[in-house]
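# Observations on the three-dimensional arrangement
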Amino acid sequence: MPGRPSRAPAAAPIIAVAGALALWEVLTRTGMLPERYLPPMTETAQELSRLMGTSDFWSAVWNTMKGWALGLGIALVLAIPAGIAIGSSTLLYRSVRVFIEFLRPIPSVALIPLAVLIYGTGLDSKVFLAAFASFWPLLIQTLYGVRDVDPVATDTARAYGLGRLERLWRIKLPSAIPYIATGVRISSAVALILAVTAELVIGAAGLGREINLARSGGALENMYALIIATGAIGWMLNILTTRGEKRVLHWHPSQREMAR
Amino acid sequence: MSGRRRRFVGLGLEILVPIAVLALWALWSAGADSFYFPPLTEILDTFAETWLFERVGSDVLPSLARLGVGYAIAVAIAVAVGVPLGLSPAVRRGASPIVEFLRAIPPPALIPFGIVVIGVGDGYKVFTIAFVCIWPILLNTIDGITGIDPTMNDTTKVYGVRGVDRLRKVVLPAASPQIFAGMRTSLSLALILMVISEMVASSNGIGFFVLESQRSFAIPEMWSGILLLGLLGYLLNAAFLLVERRVLAWHRGARASAEGT
């Protein structure tokens, strides 16, 4: 019945995952999926656990995470103040709107050649690409957040004689924070994608390069184990940012249990 | 009175500032004599030479075809899978860890997988584009369906509308605004994956051209390719908004009249 709280068994997710893994194993063992394309699940899992004991693997993870963290950090430092400044001034907003609308849809990967020319094939290129790509979602979110302030709140604050800075601190920022938090979540995923892309395409050190090396060397178990590890990192970052968002926004209606 | 003046100044800024910046760029690059940043006029000349219309058939059309096919496959699969997931809480809970995991894999990491399984032809590019574009549409389809107003669901049930009719007349229309939001996100992803897949392994396409130009230090050509990709992103987005406005006209109408009361 609609409206009834869903009571799917709590074990459903576990059963589904186990089922999918078993299906993978059966399909490859029986030869339905040729083994030269997809090694059996157990062998891939073994390879993954072997990898997790090697220092090469962890240094690749470290390199990828470094690209992600620096790129996202730079984007945060640049995009949030820029978004607040542009969002607070109508004239400034209108002057730069065309640029934002034009630059935003440009695929950041189109800049890979430029990044290689200017920054070489190392960490700098990776950070530049990650920062460029994650800058836009954050800027747009901050901008919309600051512009979406309830006019009644602003007018009230003005009537009570709050100055510009105080209005920014007490009214604009708190009401923009949900938008910014969403922006951080999107940008974090984007930064990881661009870090891996840079490793894959231009060969900067990290998981992306390892995956490509495994592919060209024909080490399939290795390649799949690395892909799974990359997915796991993306998943964990997603969980972390969602948790962080919940914690920062515990006061906000979207995060209250009742609202669900 | 000051309101009108402000609006006038705003409009002036919106038109004049971009022109001024472009002019500044042209002036600066003309005199800068930098290897990496050739004069704007030279980039534009190269752009006209390269893309109007010499390479349209050899690079632009293949690229756009891959993008179109991959995107269409993604939309079809995502909506077809999203509907049952959205309608049944049990199926949704079971599938959620798998969906969450597959979605979290950074898309470029799948390119080697595509190359190994499908080969370096068009197939793997289409596969990569489709695989990545599925997730935003799928998640939005699910959210759109689970977010259907309970009153509407109850009414549907009371009137005995079920099966295909319910799907066509209630579920899909009610979820369509969110499905379109997902499709818009996916469209820009499709363009990005098109470029990446062509940069990794290809013998034609815009991504291939841009990377080749950089490798052979044909800097104006590289810039012209970047410019083309920017234009493509902008135009695809604009075209999508037009389509969306048409298809969802009823929705905006309903919203506006609801707000008007």
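Calculation rules
- Residues numbered from 1 in each chain as written.
- Chains lettered and ligands numbered in written order.
- Predicted model: local features only at pLDDT ≥ 70, side-chain atom pairs only at ≥ 80, totals over all residues.
- Helix = DSSP H or I, 4+ residues; strand = E, 2+ residues; numbered from the N terminus.
- Rg over C-alpha atoms; globule rule 2.2 N^0.38 Å.
- Buried ≥ 20, exposed ≤ 12 C-beta atoms within 10 Å, placed from the backbone.
- Contact = placed C-beta atoms within 7 Å.
- Domains from an automatic or database assignment.
- Nonpolar A, V, L, I, M, F, W, Y, C, P; charged D, E, K, R; others polar.
- Axes fitted to C-alpha atoms, helices over the stretch in contact; angles between N-to-C directions.
- Left-handed = near helix turned anticlockwise from the far one by under 90°.
- pLDDT = per-residue confidence, 0-100.
- Parallel < 35°, antiparallel > 145°, perpendicular 65-115°, else oblique.

A few words now on the overall build of chain B. Helices and strands together make up the secondary structure of chain B, namely 11 helices and zero strands. For a compact globule of 261 residues, the expected C-alpha radius of gyration is about 18 Å, and chain B comes in at 23 Å, more than 25% above that figure. Considered along the principal axes of its C-alpha atoms, chain B spans approximately 75 × 65 × 30 Å. Here chain B holds 261 residues, and the buried ones make up 38% of them. Restricting to contacts in chain B with at least 6 residues of sequence separation, those with at least 24 account for 73%.

The subject of this paragraph is the domain arrangement of chain B. The assigned domain composition of chain B is domain 1 (1–33) and domain 2 (37–260). Taking only C-alpha atoms, the centre of domain 1 of chain B and the centre of domain 2 of chain B are 33 Å apart.

The next thing to look at is the interface of chain B and chain A. In this assembly, 50 residues from chain B lie in contact with 49 residues from chain A. Within the residue set of the side of chain B that touches chain A, elements represented by two or more residues are helix H1 (2–32), helix H4 (89–104), helix H5 (110–118), helix H7 (150–158), helix H8 (163–200), helix H9 (206–215) and helix H10 (219–247) of chain B. Of all the elements, H4 of chain B adds the most residues to the side of chain B that touches chain A, at 11 residues. Class assignment of the residues belonging to the side of chain B that touches chain A gives a composition of 36 nonpolar, 10 polar and four charged.

All names here are of chain B. Most of H9 sits inside the fold, with eight of its 10 residues counted as buried. When H9 is considered as a whole, its buried residues turn out to be Ile206, Gly207, Phe208, Phe209, Val210, Leu211, Ser213 and Gln214. Looking at the residues trailing H9, positive phi occurs at phenylalanine 217, about 55°.

Residue and element names in this part refer to chain A. Between helix H3 (residues 55–88) and helix H6 (residues 123–147), whose axes approach to 6 Å, the crossing angle comes to 30°. Pair H3 / H6 crosses with right-handed handedness. The class makeup of the residues in the contact of H3 with H6 is 21 nonpolar, seven polar and three charged.

Turning next to unusual backbone geometry. Despite not being glycine, phenylalanine 217 of chain B has its phi angle at roughly 55°, a positive value. Structurally, the position occupied by phenylalanine 217 of chain B is in the loop between H9 and H10.

It is worth spelling out the confidence of the model for chain B at this point. In this model, chain B carries a mean pLDDT of 83, and residues with pLDDT of at least 70 account for 96%. Across chain B, element-level confidence peaks in helix H3 (residues 56–87) of chain B with a mean pLDDT of 89 and bottoms out in helix H11 (residues 249–260) of chain B with 69.

Let's shift gears to the packing of H8 of chain B against H10 of chain B. The geometry of a pair of packed helices is captured by two quantities: the angle between their axes and the separation between those axes. All names here are of chain B. Interaxial distance between H8 and H10 falls to 11 Å at its minimum, and their mutual angle equals 160°. Considering the angle they form, H8 stands roughly antiparallel to H10. As H8 packs across H10, the resulting crossing turns out to be right-handed. For the pair H8 and H10, contact is made by Phe180, Arg184, Leu187, Ser188, Leu191 and Val195 and by Leu229, Leu232, Gly233, Leu236, Asn237, Phe240 and Glu244, respectively. Of the residues that constitute the contact of H8 with H10, the class distribution is eight nonpolar, three polar and two charged.

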